[in-house]
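The residues making up each chain are set out below.
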Amino acid sequence: MKLKEWAREQGVSYRTALNWFHAAALPVAARQLPTGTILVEPPKESTGRTVAYCRVSSADLKDDLYRQAGRVAEECGKRGISLDATVTEVGSGLNGRRAKLAKLLADPDVACIVVEHRDRLARFGVEHLEAALAATGRTIVVLNADEVADDLVRDITEVLTSMCARLYGRRSAKKRAENGITACAAEPQP
């Protein structure tokens, strides 16, 4: 396909795509014909594995993690998506300290990642993950995309969620520290 068509599909301007081509930063293979036309090679159809990713933010929600995995498997069955594996993880969606997700994203054999909701994958930057995976012919499937359609409302909700998580996490850490000090003070000294 022509570079202009590829740029339109990716949601970038033709000029940006042309700059990427000249800087050798285009995320797909492309070549320039003697006439000057730039052709982008279509990404190879991936025949890799399809993996469901389920996440909850704390260990006390582990029961919901298994219910979430069941809902994802059921919905995939209804849509005709066959899952090769299900990855479950307990961890915050606000940071990058999720080893199982990092391993899943780095595995080139995984062609499709299925999540129940967008925020189960990450609170911020899901669009960037989708674009990076699309450049290698991989996809992310969000089963319940019935989220708030207005970007501004969604962004504010994500920022407030992030701030609240940090605040309550900090408060919880302070309370644990105070409880530890109280416990140490209450022990009889030899």
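Residues numbered from 1 in each chain as written. Predicted model: local features only at pLDDT ≥ 70, side-chain atom pairs only at ≥ 80, totals over all residues. Heavy atoms only, no water.

**Q** How should the overall build of the chain be read in this particular structure?
**A** When helices and strands are tallied, the chain shows 7 helices and 6 strands. Helices and strands in the chain line up, N terminus first, as α-α-β-β-β-α-β-α-β-α-α-β-α. For the chain, with 190 residues in total, the buried portion stands at 27%. Surface accessibility of the chain: about 12400 Å² in total, with carbon and sulfur atoms responsible for 56%. (Helix = DSSP H or I, 4+ residues; strand = E, 2+ residues; numbered from the N terminus. Buried < 20%, exposed > 50% of the residue type's maximum accessible area, 1.4 Å probe, protein only. Areas by Shrake-Rupley, 256 points an atom, 1.4 Å probe, with all protein chains shown as cover.)

**Q** What exactly am I supposed to notice about the side chain of R120 here?
**A** Along the chain, the position of R120 falls in helix α5 (residues 118-121). Since its relative accessible area comes to 14%, R120 is described here as buried. If we skip the residues at most four places from it in the chain, R120 touches Y53, R55, V56, Q68 and R98. (Contact = heavy atoms within 4.5 Å.)

**Q** How do you make sense of the pattern of salt bridges when you look at a structure like this?
**A** It is possible for side chains of opposite charge to pair when their charged atoms get near one another. Under the counting rule described, the total for this entry stands at 9 salt bridges. A salt bridge links R49 to D107; the nearest nitrogen and oxygen atoms lie 3.6 Å apart. Residue R49 is located in strand β3 (residues 49-56), and its partner D107 is located in the loop between α4 (99-106) and β5 (110-115); the two are separated by 58 residues in the primary sequence. Residue D107 is classed as partly exposed on the basis of its relative accessible area of 22%. The partner of R120 in a salt bridge is D119, and the shortest N-O contact between them spans 3.7 Å. (Salt bridge = Lys/Arg side-chain N within 4 Å of Asp/Glu carboxyl O.)

**Q** Help me out: how do you make sense of the nonpolar core in this one?
**A** Soluble globular proteins tend to pack their nonpolar side chains together in the buried interior. Of all hydrophobic cores here, the largest spans 14 residues; its most connected members are Y53, L104, I113, V115, L121 and I140. Counting residues per element, the ones that place at least two in this core are β3, α4, β5, α6 (126-134) and β6 (139-142). Take this core: its biggest share by element is 3 residues, from β5. Apart from the residues within four sequence positions on either side, Y53 is in contact with Q68, V87, E89, R98, L101, L104, I113, V114, V115, R120 and L121. (Core = buried A, V, L, I, M, F, W, Y, C linked by side-chain atoms within 4.5 Å.)

**Q** When you look at the sheet that holds β5 in this model, what are you seeing that I'm missing?
**A** As a general point, the strands of a sheet are linked pairwise by backbone hydrogen bonds and lie either parallel or antiparallel. Taken in spatial order, the 4 strands line up as β4-β3-β5-β6 in an open sheet, and their pairing is parallel. Both edges of this open sheet fall to β4 (85-90) and β6, since each of them pairs with a single strand only. If you compare each strand with its neighbour and ignore which way they point, the axes differ by 25 degrees on average. As paired strands, β3 and β4 are joined by 6 bridges and run parallel to one another. Bridge pairing in β4 places V51 opposite A85. Running over the sheet, α4 touches β3, β4 and β5 and is turned about 145 degrees from β4. (Pairing = 2+ DSSP bridges. Axes fitted to C-alpha atoms, helices over the stretch in contact; angles between N-to-C directions.)

**Q** Would you take a moment to explain unusual backbone geometry for this structure?
**A** Backbone geometry at A24 places phi at a positive 60 degrees, although glycine is not the residue there. Within the secondary structure layout, A24 lies in the loop between α2 (14-22) and β1 (30-32).

**Q** Sorry if this is basic, but what is going on with helix α1 (residues 3-10) here?
**A** Every buried residue of α1 is accounted for by L3, W6 and A7. One side of α1 carries all its buried residues, which in axial view fall inside an arc of 100 degrees. Facing away from the buried surface of α1 by more than 90 degrees, the exposed residues are K4, R8 and E9. (Arc of directions from axis to C-beta.)

**Q** Just checking my understanding: could you explain the packing of α1 against α2 for this structure?
**A** The relative placement of two packed helices is expressed as an angle between their axes plus a distance between the axes. Viewed as axis vectors pointing N to C, α1 and α2 meet at an angle of 115 degrees, and their least axial separation amounts to 9 Å. The angle between α1 and α2 falls in the class roughly perpendicular. In terms of crossing hand, the pair formed by α1 and α2 is right-handed. Judged by residue contacts, L3, K4, W6 and A7 of α1 engage Y14, A17, L18 and W20 from α2. Broken down by class, the residue content of the contact of α1 with α2 amounts to 7 nonpolar, no polar and 1 charged. (Parallel < 35°, antiparallel > 145°, perpendicular 65-115°, else oblique. Left-handed = near helix turned anticlockwise from the far one by under 90°. Nonpolar A, V, L, I, M, F, W, Y, C, P; charged D, E, K, R; others polar.)

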